[in-house]
Amino acid sequence: MGGGAGGCGDDSSDDMSVELGDEPHVLAVDDNLIDRKLVEKLLKNSSCKVTTAENALRVLNYLGLGNETLEGTVSKVNLIITDYCMPGMTGYELLKKIKESSLLKEVPVVIMSFENIPTRISQCLEEGAKMFMLKPSKQSDVVQLKWHLMK
């Protein structure tokens with residue numbers, strides 16, 4: 001995984017909102033390297049700390065939900081942004097796993113896709129996604145994301 005481990009702000013807090021002045025920690029998940037790098041660059045331009053992963057299983061391990069997770073290694077993130085179509089586990093399946101976790105269900109999840117399929121979008125939003133963004137990502141999308149984090 002790229003980026004670094006760890007959290008931002010006060011790690012003892014269960015509140016996932018970000019105080020003004022803190023650097024939000026965003027976990028960006030995409031199997032496509034170019035898309036992953038683009039999202040990482042846009043987020044860093046908006047003063048976010050970014051950790052990247054190339055698939056959902058890596059994310060589950062990073063967040064402490066996977067089979068290969070070391071005890072006590074749950075990483076604090078303020079937002080998860082994930083591609084919808086990925087091999088192994090889709091972004092939708094990842095969203096469901098995160099929302100099933102008592103520790104992580106409050107973390108906002110944003111789904112990205114090239115495909116504008118209304119049923120898919122509504123399915124993700126009903127399952128708890130904060131936003132559904134169409135690719136390619138733009139700086140204006142990231143500004144909107146940060147606004148969600150500050151609410």
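Residues numbered from 1 in each chain as written. Predicted model: local features only at pLDDT ≥ 70, side-chain atom pairs only at ≥ 80, totals over all residues. Heavy atoms only, no water.

Looking now at the pattern of salt bridges. Counted by the stated rule, this structure contains eight salt bridges. We note a salt bridge from Lys44 to Glu40, for which the minimum N-O separation is 3.1 Å. Of this pair, Lys44 and Glu40 both sit in helix α1 (residues 33–45), separated by four residues, roughly a single helical turn. Look at Lys44 and you get partly exposed, because its relative accessible area is 45%. When salt bridges with common partners are traced through the structure, they connect Asp30, Asp35, Asp83 and Lys135 into a single cluster. (Salt bridge = Lys/Arg side-chain N within 4 Å of Asp/Glu carboxyl O. Helix = DSSP H or I, 4+ residues; strand = E, 2+ residues; numbered from the N terminus. Buried < 20%, exposed > 50% of the residue type's maximum accessible area, 1.4 Å probe, protein only.)

Another point: the packing of helix α2 (residues 56–63) against helix α3 (residues 91–100). Contact geometry of α2 with α3 gives a least axis separation of 10 Å together with a crossing angle of 15°. By the angle class used here, α2 and α3 are roughly parallel. When you trace α2 past α3, the crossing you get is right-handed. Every residue of α3 that contacts α2 at Ala56, Val59, Leu60 and Leu63 is listed here: Leu94, Lys97 and Ile98. Counted by class, the contact of α2 with α3 contains six nonpolar, no polar and one charged residues. (Axes fitted to C-alpha atoms, helices over the stretch in contact; angles between N-to-C directions. Parallel < 35°, antiparallel > 145°, perpendicular 65-115°, else oblique. Left-handed = near helix turned anticlockwise from the far one by under 90°. Contact = heavy atoms within 4.5 Å. Nonpolar A, V, L, I, M, F, W, Y, C, P; charged D, E, K, R; others polar.)

Here we come to the UniProt feature "modified residue: 4-aspartylphosphate" (unreviewed entry) in the chain. When the UniProt feature table is mapped to this numbering, "modified residue: 4-aspartylphosphate" (unreviewed entry) covers Asp83. The residues touching Asp83, leaving out its near neighbours within four places in the chain, are Val29, Asp30, Asp31, Gly91, Met112, Ser113 and Lys135. (UniProt positions renumbered as here; feature names shortened; annotations may be inferred.)

Moving on, we come to the side chain of His25. Its place among the elements puts His25 in strand β1 (residues 25–29). Polar side-chain contacts of His25 include one of 2.8 Å to the backbone oxygen of Lys76. (Polar contact = N/O pair within 3.5 Å; in protein donor to acceptor, adjacent residues only side chain to side chain.)

We now examine the pairing of β1. Across the five residues that make up β1, a large majority, five, are buried. Side-chain alternation along β1 places His25, Leu27 and Val29 on one buried face and Val26 and Ala28 on a second face that is also buried. Note that β1 and strand β2 (residues 49–53) share five bridges and pair parallel. Within β2, the position partnered with Val29 by the bridge is Ala53. Judged from the four bridges that link them, β1 and strand β3 (residues 79–83) form a sheet pairing that is parallel. Within β3, the position partnered with Leu27 by the bridge is Ile80. (Pairing = 2+ DSSP bridges.)

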